[in-house]
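# Report on the structure
Each chain is listed here by its residues.
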Amino acid sequence: MNWEQLLSLRRQGDKNKRLRNEQDETRLGFDVDYDRIIFSSAFRSLQDKTQVIPLSKTDFVHTRLTHSLEVSVVGRSLGRLAGKKIIEKHPYLKEVHGYQFNDFGGIVAAAALAHDIGNPPFGHSGEKAIGEYFKTGNGFKFKDLLSEVEYQDIIDFEGNANGFRLMTQDRAGVSGGLRLSYATLGAFMKYPKESLPKKPSNHICDKKFGFFQSEKHIFDEVAQDLGLPTRSNNGTISYDRHPLTFLVEAADDICYTIIDFEDGINLGLISEDYALEYLIKLVKDTINTKKYNSLEYMEDRLSYLRALAINTLIQDAVSIFVENEESILNGTFEVSLLDKSGFKAQIEDIISLSVQKIYQSQEVVEKEIAGYTIISDILDVYIDALIGKKNNKASNYHKLILRTLPGFYQETNTSLYQIVLNTCCYVASLSDSAAVHIHNKIKGKTL
């Protein structure tokens, strides 16, 4: 892989290459990417989607929206710091093509902003709830009516693949979705493969999948334009990661490690003394003890340690990225950046405590259970109505139900796979509260 190709400004539908030297410096193409994402309705719905605590009633617990904004800020720093080192090492990028270190920050910031844009309501359990509906629930009846890979797409419903779909899918009068630069789409593509074969290796690229069959051709076009090497010779689509994806992933890892932990402390799920001890272990080389001891309130102590911890992990991730640039470019770097961190033991301790005290807390578990029922019931009702319409057997109830669907999702002049996938993506587009509201309506619980 080469950086000039990886920093492609091309967008879906372009006939000619976009040159960095010809960009308007007041609003670069990568800035346009960021703006298009932040003004999209899909991004806006993240304000009421679960990050840690579903349907939290407190005002300081993170949602997917605040989490995504923070990941983007961390990603921008990671990109700029790494970009400065890369341009120093490869000066032709600036001298010949006009790239600046801020371009790297812009790409990573935009991709990081969008990293959760395709996630369903109720956190990661929402993805599992959609998959379980087709694996063991009423949706199992579609198994023999879909191809093997189409069925795999939905039983392993993946927020990353849905995010790529949201950003690239054609709609009536809207070609190419958000029309983001291929560099940003490439950095977003965390798992550059289709759903089968499942986990063919232990390489980080193969952990999950990154696109549905419906976006296969677009994914292929983006990967080839960026010059991502193929990883498969069996006829399936699989590529090496875009190098900047490692920085997007590191930004997410840093934020959920530190900030989810902070939420747990603020909620009282983790005791202050116990938690601060964990954070101090992470920042012991940079902490100003005098300043720390002068902070009277827990919130200020926590804020100080959080800032130090995030900066510590940013500097560490950039060092690992720069040191391993060659293996990242040739596709032989097989793990996340933080897996190589000198602070791996401290990170694992924090995550382990978060799993025990936060992610598996009674409040989270009870709401995730409710989320399974809500998602399953919504899928049931809408899929039945859409198939009834497709087969010209829609009941009056089906017709009433379909009137509550946005027009884009009412399309039935297509394959069964597209109808089922569209319904899954509709459910995934719902905020937590919207899913509860729709469930109450279709079950007659509220009028």
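The numbers attached to residues start from 1 for each chain and follow its sequence in the written order. With pLDDT at 70 or above as the cut-off, local features in this predicted model cover only qualifying residues; side-chain atom pairs require 80 or more to be listed or tallied, and sums for whole chains, interfaces and linings still use all residues. Working from all heavy atoms in the structure, the side-chain values ignore hydrogens and water.

### Structural notes on the overall build of the chain
Within the chain, the secondary structure is distributed over 21 helices and zero strands. Restricting the calculation to C-alpha atoms gives the radius of gyration, and the globule rule supplies 2.2 Å times the number of residues raised to the power 0.38. Against the compact-globule benchmark of 22 Å for 447 residues, the chain has a radius of gyration of 22 Å, which places it among compact chains. Seen along its three principal axes, the alpha-carbon backbone of the chain occupies a region of about 70 × 55 × 40 Å. For the chain, the proportion of its 447 residues judged to be buried stands at 56%. Of the contacts made within the chain by residues no fewer than 6 positions apart, 72% connect residues no fewer than 24 positions apart. Secondary structure is summarised from DSSP: a helix means a run of H or I of at least four residues, a strand means a run of E of at least two, and numbering begins at the N terminus for each. Categorising residues by exposure relies on relative accessible area from a 1.4 Å probe, with only protein chains included: less than 20% of the type maximum marks a residue as buried, more than 50% marks it as exposed, and the intermediate range marks it as partly exposed. The contact criterion used throughout is that any non-hydrogen atoms of two residues lie within 4.5 Å.

### Considerations on unusual backbone geometry
For the peptide bond that leads from Leu 196 to Pro 197, omega is -5°, which places it in the cis range. Of note, Pro 197 is situated in the loop between helix H10 (182-188) and helix H11 (216-226). A positive phi angle, close to 65°, is found at Phe 122, a residue other than glycine. Note that Phe 122 resides in the loop between helix H6 (101-113) and helix H7 (124-135). Backbone geometry at Asn 392 places phi at a positive 55°, although glycine is not the residue there. By secondary structure assignment, the location of Asn 392 is in the loop between helix H18 (362-390) and helix H19 (396-402).

### Points about the packing of aromatic side chains
Any two of the Phe, Tyr and Trp rings considered here, Trp counted by its six-membered ring, make a pair once their centres fall within 6.5 Å; the pair's planes then place it as stacked at under 30 degrees, edge-to-face at over 60, or tilted in between. What the rule picks out here adds up to 13 aromatic pairs. Here Tyr 409 and Tyr 426 contribute two aromatic rings whose centre-to-centre distance is 5.3 Å and whose plane-to-plane angle is 55°, an arrangement assigned as tilted. Of this pair, Tyr 409 sits in the loop between H19 and helix H20 (416-429) while Tyr 426 is found in helix H20, placing the two residues 17 residues apart along the sequence. Of the two residues, Tyr 409 and Tyr 426, both sit in the buried class. Counted as over-ring charges are cases with an Arg CZ or a Lys NZ within 6 Å of the ring centre that also lie within 35 degrees of the ring normal. Cation over ring: Arg 241 sits above Phe 246, and NZ or CZ is 4.8 Å from the ring centre.

### Things to note about the nonpolar core
Judged by nonpolar contacts, the single largest core of 92 residues is most densely connected at Trp 3, Ile 37, Leu 78, Leu 244, Phe 261, Phe 321 and Leu 337. The greatest single-element share of this core, amounting to 13 residues, is contributed by helix H15 (residues 298-323). The residues touching Phe 261, leaving out its near neighbours within four places in the chain, are Tyr 256, Ile 270, Ala 275, Tyr 278, Leu 279, Ile 350, Leu 353, Ser 354 and Ile 358. To define a nonpolar core, start from buried Ala, Val, Leu, Ile, Met, Phe, Trp, Tyr and Cys residues and group those joined through side-chain atoms within 4.5 Å. Formed by 42 residues, the second largest nonpolar core is a distinct cluster that contains Leu 402, Cys 424, Cys 425 and Tyr 426.

### Focus: the pattern of salt bridges
The rule for a salt bridge is simple: a side-chain nitrogen of Lys or Arg has to be within 4 Å of a carboxyl oxygen of Asp or Glu. Taken as a whole and assessed by the stated rule, the structure comprises 22 salt bridges. Linking Lys 141 and Asp 384 is a salt bridge whose minimum nitrogen-to-oxygen distance equals 3.7 Å. Of this pair, Lys 141 sits in the loop between H7 and helix H8 (148-155) while Asp 384 sits in helix H18, placing them 243 residues apart in sequence. Where Glu 194 meets Lys 216, a salt bridge forms, and the shortest distance between an N and an O atom there is 3.5 Å.

### Observations regarding the packing of helix H13 (residues 272-283) against H15
Structural elements are reduced to axes, namely lines fitted to C-alpha atoms, with helices fitted over the stretch in contact, and the angle between N-to-C directions of any two is expressed from 0 to 180 degrees. Relative orientation of the contacting elements H13 and H15 amounts to 30°, with a least axis distance of 9 Å. Considered as vectors, H13 and H15 are oriented roughly parallel to each other. Two packed elements cross with a definite hand, and for H13 against H15 that hand is left-handed. When H13 is examined against H15, the residues Glu 272, Leu 276, Leu 279, Ile 280, Leu 282 and Val 283 are found in contact with a partner set consisting of Met 298, Arg 301, Leu 302, Leu 305, Leu 308, Ala 309, Thr 312 and Leu 313. Under the convention adopted here, Pro, Cys and the residues Ala, Val, Leu, Ile, Met, Phe, Trp and Tyr are nonpolar, Asp, Glu, Lys and Arg are charged, and Gly plus all remaining residues are polar. Of the residues that constitute the contact of H13 with H15, the class distribution is 11 nonpolar, one polar and two charged. What sets the label is the angle itself: under 35 degrees gives roughly parallel, over 145 gives roughly antiparallel, 65 to 115 gives roughly perpendicular, and the rest give oblique. Should the near helix be turned anticlockwise from the far one by less than a right angle, the crossing is left-handed, and should it be turned clockwise, the crossing is right-handed.

### Focus on H13
One less than the residue count of a helix, multiplied by 1.5 Å, gives the span that helix is expected to have. Given a rise of 1.5 Å per residue, 12 residues ought to cover 16 Å, and the 16 Å separating the end C-alpha atoms of H13 matches this to within 8%. Restricting attention to buried positions, one finds in H13 the residues Ala 275, Leu 276, Tyr 278, Leu 279, Leu 282 and Val 283. The buried residues of H13 occupy an angular sector of 155° when projected down its axis, which confines them to one face. Each element contacted by the buried residues of H13 is listed here: helix H12 (245-266), helix H14 (289-294), H15 and helix H17 (344-359). Arc, as used here, means the arc of the directions from the helix axis to the C-beta atoms.

### Re the environment of Arg 11
Looking at the element boundaries, Arg 11 is found in the loop between helix H1 (3-6) and helix H2 (29-38). Accessibility expressed as a relative area gives 3% for Arg 11, which makes it buried. For the pair Arg 11 and Asn 21, spaced 10 residues apart in sequence, the C-alpha to C-alpha distance is 17 Å. Apart from residues no more than four positions distant in its own chain, Arg 11 is found in contact with Arg 18, Gly 29, Val 32, Asp 33, Arg 36, Arg 179, Leu 180, Ser 181 and Tyr 182. A polar atom in the side chain of Arg 11 sits 2.6 Å from the backbone oxygen of Arg 179. The term polar contact refers here to a pair of N or O atoms within 3.5 Å; inside protein, the definition further demands a hydrogen-donor-capable atom paired with an acceptor-capable atom, and it admits residues adjacent in sequence only when both atoms are side-chain atoms.

### Let's talk about helix H4 (residues 64-89)
At 3.6 residues per turn, the α-helix brings residues three or four places apart onto the same side. Taking 1.5 Å of rise per residue, 26 residues should cover 38 Å, and H4 covers 36 Å from first to last C-alpha, within 8% of that figure. At the N-terminal end of H4, a side-chain oxygen is found 3.2 Å from the backbone nitrogen of Leu 65, two or three residues along, and the residue is Thr 63.

Honestly, it's all geometry; don't read function into it.
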